[in-house]
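Chain and residue survey
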Amino acid sequence: MIRFSVIIVSWNALDHLQTFLPSVVQTDYPDFEIILADNASTDGSGKWIRSAFPTVKIVSHDQNYGYCGGNNRAVPYATGDVLVFLNNDVKADPDWLTHLARGFETDKNIAAIQPKMRAYNNQKCFEYAGAAGGYLDKYGFPFCRGRMFDTIEKDMGQYDDATEIFWASGAAFAIQKEIFQDFGGFDEDFEFHMEEVDLCWRLWNRGYKVRFAPESVVYHLGGGSLPMNSPRKVYYNYRNSLMMLWKNYHSSALLMRFPVRLLFDITAALRELMSGRFGAFRAIIRGHLHFYTTLGRTRAKRKILPSERLIHRDPQP
């Protein structure tokens, strides 16, 4: 039987933990543990968990390492065969782990699985962050089945097929522990956002599979770490997308598509400026400046890719 380690990274989110953690604790599966990766919270999160749920293991970090660093530093304390990185604002169905386990048992080459993600505040609809599994278009823009841009579909069973996807959402991301460690975990240069897409792309380049498990259902509130459309989130989205594309694109695709992507970003920045959304405009510019000033680090990572790549083409939807 597969043993799961559910890792929940959190920073000063006691209200979310009090709302959502009980459903995770009540999971109906015989072999799993829950680990709170506490990014130096000061709101009493650890004290409350020790009192309310003493079986939850707490890994206390000395500072806020964000999503990537907080999760990476909790993994050495995990005893499971499969890690599940779960946001602190996610409610889970009782049998969600049972269906994830069945997914991993079907094919040993499946590295990661995403459950179906519905919206916590509208549970008949998919959720923005992951919906029914993620893909990339040819210019590296991520999208999901069940969500296109800001349009969210109602879940009517139209995506209830256990199919391969390109990326699994970091809000509920299950991955074999041994593979996660072999790949060095999440790239901590990302901090927040796109790190799961980057990791899935690296998995894909090495010939591993990422899967969608429609019978495993979770409900995500969203915006728990960074509110939607906040300038900080815009900054991470643009900066990290450029890093991810430069790291993982095949050379021919990088040469042909990266310049087009830059034009898209310039157009987006000008649109924000003309619309008076100066915070978003500055965030896009900052994201690009950070990418260019740290390009040497990204290029060094890219140099490793040819020796590891088994798939000699880029993903298409």
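This text follows the structure it describes.
Read on for an overview of the structure.

Each value, and the rule that gives it
Residues numbered from 1 in each chain as written. Predicted model: local features only at pLDDT ≥ 70, side-chain atom pairs only at ≥ 80, totals over all residues. Heavy atoms only, no water. Helix = DSSP H or I, 4+ residues; strand = E, 2+ residues; numbered from the N terminus. Expected span 1.5 Å × (residues − 1). Buried < 20%, exposed > 50% of the residue type's maximum accessible area, 1.4 Å probe, protein only. Contact = heavy atoms within 4.5 Å. Axes fitted to C-alpha atoms, helices over the stretch in contact; angles between N-to-C directions. Parallel < 35°, antiparallel > 145°, perpendicular 65-115°, else oblique. Left-handed = near helix turned anticlockwise from the far one by under 90°. Nonpolar A, V, L, I, M, F, W, Y, C, P; charged D, E, K, R; others polar. Core = buried A, V, L, I, M, F, W, Y, C linked by side-chain atoms within 4.5 Å. Pairing = 2+ DSSP bridges. Patch = residues over 30% accessible without salt bridge, like charges linked within 9 Å, V, L, I, M, F, W, Y side chains within 5 Å. Areas by Shrake-Rupley, 256 points an atom, 1.4 Å probe, with all protein chains shown as cover. Salt bridge = Lys/Arg side-chain N within 4 Å of Asp/Glu carboxyl O. Bend = angle between axes of the 7 residues up to and from the residue. Phe/Tyr/Trp six-rings, centres within 6.5 Å; stacked < 30°, edge-to-face > 60°. Lys NZ or Arg CZ within 6 Å of the ring centre and 35° of its normal.

A rise of 1.5 Å per residue sets the reference length of helix α1 (residues 14-25), with its twelve residues, at 16 Å; its end C-alpha atoms lie 16 Å apart and thus fit the reference within 8%. For α1, the complete set of buried residues consists of L14, H16, L17, F20, L21, P22, S23 and V24. Elements that come into contact with the buried residues of α1 comprise β1 (4-10), β2 (32-38), α2 (45-52), β4 (82-86), β5 (90-92) and α4 (96-106).

This next bit is on the environment of W204. Here W204 is to be found in helix α6 (residues 195-205). Considered as a pair, W204 and A111 are 93 residues apart in the sequence and their alpha carbons are 9.4 Å apart.

Let us look at the packing of α1 against α2. Axes are the key here: two packed helices are described by the angle between their axes and the distance separating the axes. At a minimum axis separation of 9 Å, α1 and α2 run at an interaxial angle of 25°. Classified by the angle between their axes, α1 and α2 sit roughly parallel to one another. Crossing hand, α1 versus α2: right-handed. Counted together, L14, L17, Q18 and L21 of α1 and S45, W48 and I49 of α2 form the full contact between these two elements. For the contact of α1 with α2, the per-class residue count stands at five nonpolar, two polar and no charged.

One finds F85, F173 and I175 to be the most contacted residues of the largest nonpolar core, which totals 62 residues. For this core, the element with the most residues is helix α7 (residues 231-248), which contributes nine residues. Discounting chain neighbours no more than four positions away, the residues touching F173 are L83, V84, F85, A112, I113, A168, F186, E196, L199 and C200. V6, L36, V82 and L100 belong to the second-largest nonpolar core, a separate cluster that totals 31 residues.

Of all twelve residues in strand β14 (residues 209-220), nine are buried; the element is thus mostly enclosed. When β5 meets β14, the two strands line up antiparallel, connected through three bridges. Along β14, the bridge assignment pairs V90 with H220. Judged from the nine bridges that link them, strand β6 (residues 110-119) and β14 form a sheet pairing that is parallel. Within the sheet, the bridge partner assigned to Q114 lies in β14 and is F212. The sheet contact formed by strand β12 (residues 164-165) and β14 spans two bridges and is antiparallel.

Turning to a nonpolar patch on the surface, a few remarks are in order. A surface patch of nonpolar side chains, about 460 Å² in accessible area, is lined by L263, I266, L270, L273 and F278. No other element matches the four residues that helix α8 (residues 251-274) contributes to the nonpolar patch. Looking at where L270 falls in the secondary structure, it is placed in helix α8.

Before going further, it helps to examine α8. Along an α-helix, a turn takes 3.6 residues, which lines up residues three or four apart on a common side. With 24 residues, α8 should cover 34 Å at 1.5 Å per step; its first-to-last C-alpha distance of 35 Å lies within 8% of that length. Its axis deflected by about 35° at R257, α8 carries its strongest bend there, up to four residues before the proline P259. Residues of α8 that are buried include every one of A253, L254, R257, F258, R261, D265, A268, A269 and E272, and no others. Among the residues trailing α8, G276 stands out with phi positive, at a value near 80°.

Given two aromatic rings, one states the distance between the centres and the angle between the planes to describe the pair. Scanning the entire structure with this criterion turns up 23 aromatic pairs. Considering the side-chain rings of F20 and Y120, the 4.8 Å spacing of their centres and the 65° angle between planes classify their relative orientation as edge-to-face. Of this pair, F20 sits in helix α1 while Y120 sits in the loop between β6 and β7 (122-126), and the two are 100 residues apart along the sequence. With a relative accessible area of 3%, F20 lands in the buried category. A relative accessible area of 26% means that Y120 is categorised as partly exposed. With a centroid separation of 5.7 Å and an interplanar angle of 70°, the aromatic rings of F141 and F264 are classed as edge-to-face. With F141 in the loop between β8 (134-136) and β9 (142-144) and F264 in helix α8, this residue pair connects regions lying 123 residues apart in the sequence. Over the ring of Y128 we find R147; its NZ or CZ atom is 4.1 Å from the centre of that ring.

Keep in mind these values describe shape, not function.
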